[in-house]
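# Fold and contact review
Given next are the chains, with one letter for each unit.
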Amino acid sequence: MKYVARFLKPYYFQMAIAWFLMLTELAVELMLPFFLGKMIDEGIQTQELDTIIFWGSIMVGLAILSFAAGIINSFFSAHVTFKFGYDMRQRLFEKVQAFSFKNLNEYPTSSLVTRFTNDIRMIQNGIFMGLRIMLRAPLLVLGGVIMAFLVNWRIALIFLVTVPLLIGFLLFVVMKAGKLFRKVQERLDNVNRVMQENLSGIRLIKAFVRKKHETNRFMGANTELMQNTKKALRLIETSMPVLLFVMNMSLLFILWYGNIEVGNNNAQVGDVVAIVNYALRVSMAISMFGFLTMAIARMKASSDRIAQVLDAEIDLVESEYANEQYRVNDGTIEFSNVSFRYPNLKEDVLSELSFTVQPQEKITIIGATGSGKTSLFQLIPRLYDATKGSVFIDGHDVRDYKLDYLRGAIGYVPQAPLLFTGSIRENIRWGKNDASEDDIIQAAKDAQIHDTIKNLPNGYDTQIGQKGVNLSGGQKQRVSIARALIRHPKILMLDDSTSALDLKTESRLLDAINQYECTTLIVTQKVTTAMSTDRIFLMDDGQLLDVGRHDQLVKTSDLYRKIVESQFGKEDVHEH
Ligand SMILES: Nc1ncnc2c1ncn2[C@@H]1O[C@H](COP(=O)(O)OP(=O)(O)OP(=O)(O)O)[C@@H](O)[C@H]1O
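The residue numbers shown here count from 1 along each chain, following its written sequence. Totals for whole chains, interfaces and linings use all residues, but because this is a predicted model, local features are given only for residues with pLDDT of at least 70 and pairs of side-chain atoms are given and counted only at 80 or more.

An unreviewed UniProt entry annotates the chain as ATP-binding cassette subfamily B protein originating from Aquisalibacillus elongatus. Under the heading Subcellular location (unreviewed entry), UniProt records this for the chain: "Cell membrane". UniProt positions are given in the numbering used here, feature names are shortened, and annotations may be inferred rather than shown by experiment.

## Description of the pairing of strand β1 (residues 333-340)
At least two DSSP bridges between two strands are needed for those strands to be called paired. Only runs of H or I of at least four residues qualify as helices and only runs of E of at least two qualify as strands under DSSP, and these elements are numbered from the N terminus. Bridging between β1 and strand β2 (residues 350-357) involves five bridges; their strand directions are antiparallel. By the bridge assignment for β2, Phe-335 is matched with Phe-355.

## Examining the packing of helix α2 (residues 12-44) against helix α3 (residues 49-97)
Across the interface, α2 lies against α3 with an axial gap of 8 Å and an inter-helix angle of 160°. Between α2 and α3, the interaxial angle falls into the category roughly antiparallel. Crossing handedness for the pair α2 and α3: left-handed. Tallied by class, the residues present in the contact of α2 with α3 amount to 22 nonpolar, ten polar and four charged. To get an axis, fit a line to the C-alpha atoms, keeping to the stretch in contact for a helix; angles then go from 0 to 180 degrees between the N-to-C directions. Between 65 and 115 degrees an angle is taken as roughly perpendicular, under 35 as roughly parallel, over 145 as roughly antiparallel, and anywhere else as oblique. Note on convention: the crossing is left-handed when the near helix lies turned anticlockwise from the far helix by less than a right angle, right-handed when the turn is clockwise. Just so you know the grouping, Ala, Val, Leu, Ile, Met, Phe, Trp, Tyr, Cys and Pro go in nonpolar, Asp, Glu, Lys and Arg go in charged, and all remaining residues, Gly too, go in polar.

## So, the site of the ligand
The environment of the ligand is formed by 14 residues, the closest being Tyr-342, Thr-369, Lys-373, Thr-374 and Ser-375. Here the shell around the ligand takes three residues from helix α12 (residues 373-379), the largest share from any one element. Each residue receives a C-beta atom built from its backbone; the residue is near a molecule or strand if that atom lies within 6 Å of it.

## Re the packing of helix α5 (residues 109-134) against helix α8 (residues 159-200)
Two numbers describe how α5 lies on α8: the axes approach to 8 Å, and their chain directions differ by 120°. By the angle between their directions, the pair α5 and α8 is classed as oblique. As α5 runs across α8, the sense of the crossing is right-handed. Note on element contacts: α8 touches α5 through Leu-188, Asp-189, Asn-192, Arg-193 and Gln-196, opposite Thr-109, Ser-110, Ser-111, Val-113, Thr-114 and Asn-118. Across the contact of α5 with α8, the residue classes break down as two nonpolar, seven polar and two charged. By the convention adopted here, residues are in contact when the distance between their C-beta atoms, placed from the backbone, does not exceed 7 Å.

## A few points about the UniProt feature "transmembrane region" (unreviewed entry) in the chain
If you check UniProt for "transmembrane region" (unreviewed entry), the listed places come out as residues 12-32, 52-82, 133-151, 157-175, 240-258 and 278-297 in our numbering. The distance separating the terminal C-alpha atoms of residues 133-151 is 25 Å; by composition the span is 95% helix and 0% strand. Taken end to end, residues 240-258 has its terminal C-alpha atoms 26 Å apart, with 100% of it in helix and 0% in strand.

## Quick look at unusual backbone geometry
Peptide bonds are, in most cases, trans, and in most cases residues other than glycine have a negative phi. Of note in the backbone geometry, Asn-265 takes a positive phi value of approximately 65° without being a glycine. Mapped onto the elements, Asn-265 comes out in the loop between α10 (211-263) and α11 (269-311). Residue burial here comes from a neighbour count, namely the number of other C-beta atoms, placed from the backbone, that lie within 10 Å of the residue's own C-beta, with 20 or more meaning buried, 12 or fewer meaning exposed, and in between meaning partly exposed. Owing to 7 C-beta atoms within 10 Å, Asn-265 belongs among the exposed residues under this scheme. One non-glycine residue, Gln-448, lies in positive phi territory at about 60°. Counting through the fold element by element, Gln-448 comes out in the loop between α15 (437-446) and α16 (450-455). For Gln-448, a count of 24 C-beta atoms within 10 Å translates into the label buried.

## Concerning the sheet that holds strand β4 (residues 388-393)
Here we have four strands laid out as an open sheet, ordered β2-β1-β4-β5, and antiparallel in their pairing. Two strands bound the open sheet, and with one partner strand each, they are β2 and β5 (396-397).

## So, the sheet that holds strand β3 (residues 362-367)
With mixed pairing, the six strands of this open sheet are ordered in space as β6-β9-β10-β3-β11-β12. Edge positions in the sheet fall to β6 (410-413) and β12 (543-548), since each of these pairs with one other strand and no more. Taken pair by pair, the neighbouring strands of this sheet meet at an average axis angle of 15°, ignoring direction. Pairing of β3 with strand β11 (residues 535-540), which is carried by five bridges, proceeds in the parallel orientation. Across the sheet, residue Gly-367 finds its bridge partner in β11, namely Met-539.

## Some details on the environment of Leu-233
Counting through the fold element by element, Leu-233 comes out in helix α10. Taking the number of C-beta atoms within 10 Å as the measure of exposure, Leu-233 has 14 and is therefore partly exposed. For the pair formed by Leu-233 and Ile-314, sequence separation is 81 residues and the distance between their alpha carbons is 38 Å.

## Structural notes on the environment of Val-527
Positionally, Val-527 belongs in helix α19 (residues 527-531). Here the alpha-carbon distance between Val-527 and Glu-565, two residues 38 residues apart in the chain, equals 9.8 Å. Filtering out sequence-adjacent residues up to four positions away, Val-527 remains in contact with Ile-563, Val-564, Gln-567 and Phe-568.

## A short note on the confidence of the model for the chain
Per-residue confidence from the predictor is given as pLDDT, running between 0 and 100. Averaged over the chain, the pLDDT score is 87; the fraction of residues at 70 or greater is 98%. Reported for the predicted complex are a pTM of 0.70 and an ipTM of 0.95.

What follows is the structure in structure tokens.
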């Protein structure tokens, strides 16, 4: 709950006003039955109209005051609640933006989405209820009992039985429900996860005719959520009849015993009416108190989940010694004894890699799937840090660069091109905010996508659907290459980004890239791509098996020869 208090701090003043108004409402609520009793005894029973009007006017005045206080309290409570939600969502978003890849692996997207939406809403509910009824409910119980004793202590003795009974029962319910609601929240995570996977993979599901399987999976998660929610709500629902039963019994007792006391001249009719009124208000306050504690239990469960994210240690941060002066000018890349292991793995996926790539050199990295090509790429813009050894760019360890600068100097096209909803122009400009229209067109031309865009009905204004659904795989790849080229990066990294391009387009693309003054690393499976670059890195099982030009490797590397044979046929190897 420390974060709840921290995020509420700027709004303490507004909260104080809300609480003050709530106390006003409370005072009125406690006074009304008292005045009602007075009106009955001094006005109605003695049939004095002036007295009735006098007490009646006071009661109407107080009711209006309470009404106004209630409305203004709601206004301030809502203001604090929404501002709180806004601030917390913003902070959470910034934190997740700062997450390293390792952090992101720990928190699945669906769980983050639930935290951003549902958990924050639960906390907001708790705060809103807190501002409206937190002090009011217990004070109303206490004040109601005291006032009832002041009116007539004999009849009020019944409160000594009913109040502890109800409070004890509600505490029991709340404690049990708190645990159940925590489970509900976890089940909601599951439903969101399955739903998200399904929505993003719906095309694949249709293509594989896996609708039934996925529907069952969703039904499983949904049923669990329903069962857990049902359990929690059922528990709360049982509390209401119990509450009503105790309340009705106590009312009956007050009326029965009150009647006797009035008969014995120990009480007046107005006293009995006032105490009945207090009994009703106290019971309602206890039930409100129950809901409030429940809301706090849910709020606690949710705030713990938010705190987990806000407290998550970000393992990949900018070094405090990072040098602002360091610049990437030439684009020399050096790996020195670099080993790397994903945090959740037991074995290295890259072992003892050492090589240097010269400025503006074009390198192809070729190797079996899972051999560590993407992992190698990720170490250059520091998406992960090497577990052992160092990566240097222009002679400086990547860890000594300002992180944003380093990443900004690199044009990285990931394996799965991801485009954002918006126009094609916006997607290309995403790589460089201040790019001019000419820059955008030039980057698109170099990425060999300009002609395609021009032929679209809306050209560069064509809206890209979610994740680029309305573009072909190769078109998406080229838009994301244009997005990287527009930065004029000193280091360009294409992770299997030309896989969907035909040979001619790919060759034109590589020629265009040659015009850029950048060191280029290309992960590919295609020998044709490898042939057009300066050197080929042959990777196998996290190791650099061979390095050389195509014509050298064909002679010296069995593995490379096999790859060439698999793509060109045995006889053609030496021709190529
Ligand atoms: N986020 C991750 N967490 C744990 N292990 C991972 C992660 N990403 C990749 N790996 C593992 O690391 C190894 C190397 O993966 P990598 O993605 O670098 O291979 P690759 O050569 O790029 O493969 P491909 O050609 O299929 O893209 C694989 O064994 C893979 O299972």
